[in-house]
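Inside the fold
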Amino acid sequence: IGSLRALSAIDWRDFVEHASLVEQCLREDPAGVYAAMDFATRDRYRHVVERLARQHRLAETDVAEAAVELCRAATPTEPAPALPRHVGFYLIDRGRPRLEQQLGVRPRLAERVRRTFDRAPVPIYLGLLLLLTVAFAEPLALAASYDGVATWALVVIAVMALIVASQLASSLFNWMATLAISPQPLPRMNYAHGIPAGARTLVAIPSMLGSAQDVEELVESLEVRFLGNRDEHLHFALLTDFADADRETLPDDEALLRRAQRRIEALNERYADGGADRFFLFHRPRHWNPGERCWMGHERKRGKLADLNALLRGNAHGRFTLVVGDIAALGPVQYVITLDTDTELPRDAAQAFVGTIDHPLN
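The sections below set out a description of the structure shown in this document. (Residues numbered from 1 in each chain as written. Predicted model: local features only at pLDDT ≥ 70, side-chain atom pairs only at ≥ 80, totals over all residues. Heavy atoms only, no water.)

1. Some thoughts on the packing of helix 8 (residues 109-119) against helix 9 (residues 121-146)
At a minimum axis separation of 5 Å, helix 8 and helix 9 run at an interaxial angle of 105°. The orientation of helix 8 with respect to helix 9, classified from their angle, is roughly perpendicular. Packed against helix 8, whose contacting residues are Thr 116, Phe 117, Asp 118 and Arg 119, the element helix 9 presents Pro 121, Ile 124 and Tyr 125 at the interface. (Axes fitted to C-alpha atoms, helices over the stretch in contact; angles between N-to-C directions. Helix = DSSP H or I, 4+ residues; strand = E, 2+ residues; numbered from the N terminus. Parallel < 35°, antiparallel > 145°, perpendicular 65-115°, else oblique. Contact = heavy atoms within 4.5 Å.)

2. With respect to the nonpolar core
Within the largest apolar cluster, 60 residues are counted, with the highest numbers of intra-cluster contacts made by Leu 26 and Leu 99. Element by element, the count of residues in this core is highest for helix 5 (residues 60-73), at 7 residues. Formed by 13 residues, the second largest nonpolar core is a distinct cluster that contains Ala 204, Ala 237, Phe 282 and Leu 311. (Core = buried A, V, L, I, M, F, W, Y, C linked by side-chain atoms within 4.5 Å. Buried < 20%, exposed > 50% of the residue type's maximum accessible area, 1.4 Å probe, protein only.)

3. Some thoughts on a nonpolar patch on the surface
A grouping of Leu 4, Leu 7, Ile 10, Trp 12, Phe 15 and Val 16 is seen on the molecular surface, where their side chains present a nonpolar patch of about 580 Å² in accessible area. Elements represented by at least two residues in the nonpolar patch include exactly helix 1 (2-9) and helix 2 (12-19). Here the element with the most residues in the nonpolar patch is helix 2; it accounts for 3 residues. Here Val 16 shows up in helix 2. (Patch = residues over 30% accessible without salt bridge, like charges linked within 9 Å, V, L, I, M, F, W, Y side chains within 5 Å. Areas by Shrake-Rupley, 256 points an atom, 1.4 Å probe, with all protein chains shown as cover. Salt bridge = Lys/Arg side-chain N within 4 Å of Asp/Glu carboxyl O.)

4. Concerning the sheet that holds strand 2 (residues 234-242)
If you walk across this open sheet you meet the 5 strands as 6-3-2-1-7, and the pairing is mixed. Looking along the sheet, the strands with just one partner apiece sit at the ends: strand 6 (322-324) and strand 7 (335-338). Going from strand to strand, the sheet's axes swing by 20° on average, the running direction of each strand aside. Relative to strand 6, strand 3 (residues 279-283) is paired through 3 bridges, and the arrangement is antiparallel. Bridge pairing links His 283 to Leu 322 in strand 6. (Pairing = 2+ DSSP bridges.)

Next up, the structure:
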């Protein structure tokens, strides 16, 4: 019983990584990315090394060392300097053929076919779909021609047969594709202990201010998202418009805007940590839309996001009538997570999102 308890208490992932020679070799990644990735991504890299070594009867350490050697010989590139100096570039990305050349091996037939498909997926897919459709439709058209059907009727039958066969071919081909192609998770950095300053992120929720109840619900949801994803380099913002109207301003507009301002300011006071503001409000005015024949926010949600990007790039030019929060902290923002009003942000999901997009291979 004591042994079973010990076995259940041991962190086997940590044990395996400390005992693995491949792990120690890959941690010499010149880009310094490998050690900062999450366990699932590191494990995927190790499995790729294992498969390469097993298929071509090589030592796993030789495969890992070859990848590291290619990284050391690589020249940094723009706009991703770390890309060719990261071992993952040669294990799971476009540098894989160079690694195989370095090892003196040739990929298997199935792998070569997959890479050919990856180079021109649309023409190959449509070509195979057309061949399958013709193969299904041809017997019916030939049978009709043998029965002496008139030419115009034969054309109609052939067209109808192609339409029906295309549906069958499409369903069959898509089903075969799901069997032949397995999805792979995107590589991810491990930001569970905090998003780095170089990946500062803004969570933005495009919304409408229609009533006082709307304001209360929006601010409460914003606070809930923050509490599940607290991070020094993560900010939260409401991008708001007023509801569509037949006039540029309505009597209740000012009161709604002041209520929203007070609620955002209260959140910043409640969670102040002596650093940058965590919460922001960006509100836009109504503009006349000739097509909709009403006053509304310019291009609605798409317009809000475009204006936010302009603001983050220092080119707002008065697109917002009210900005709540010190936007000086938003200058270094690299990423924006956009959520719908009714979309939640589960606990630590923001760190996982940023860890994925910030990986050099992505």
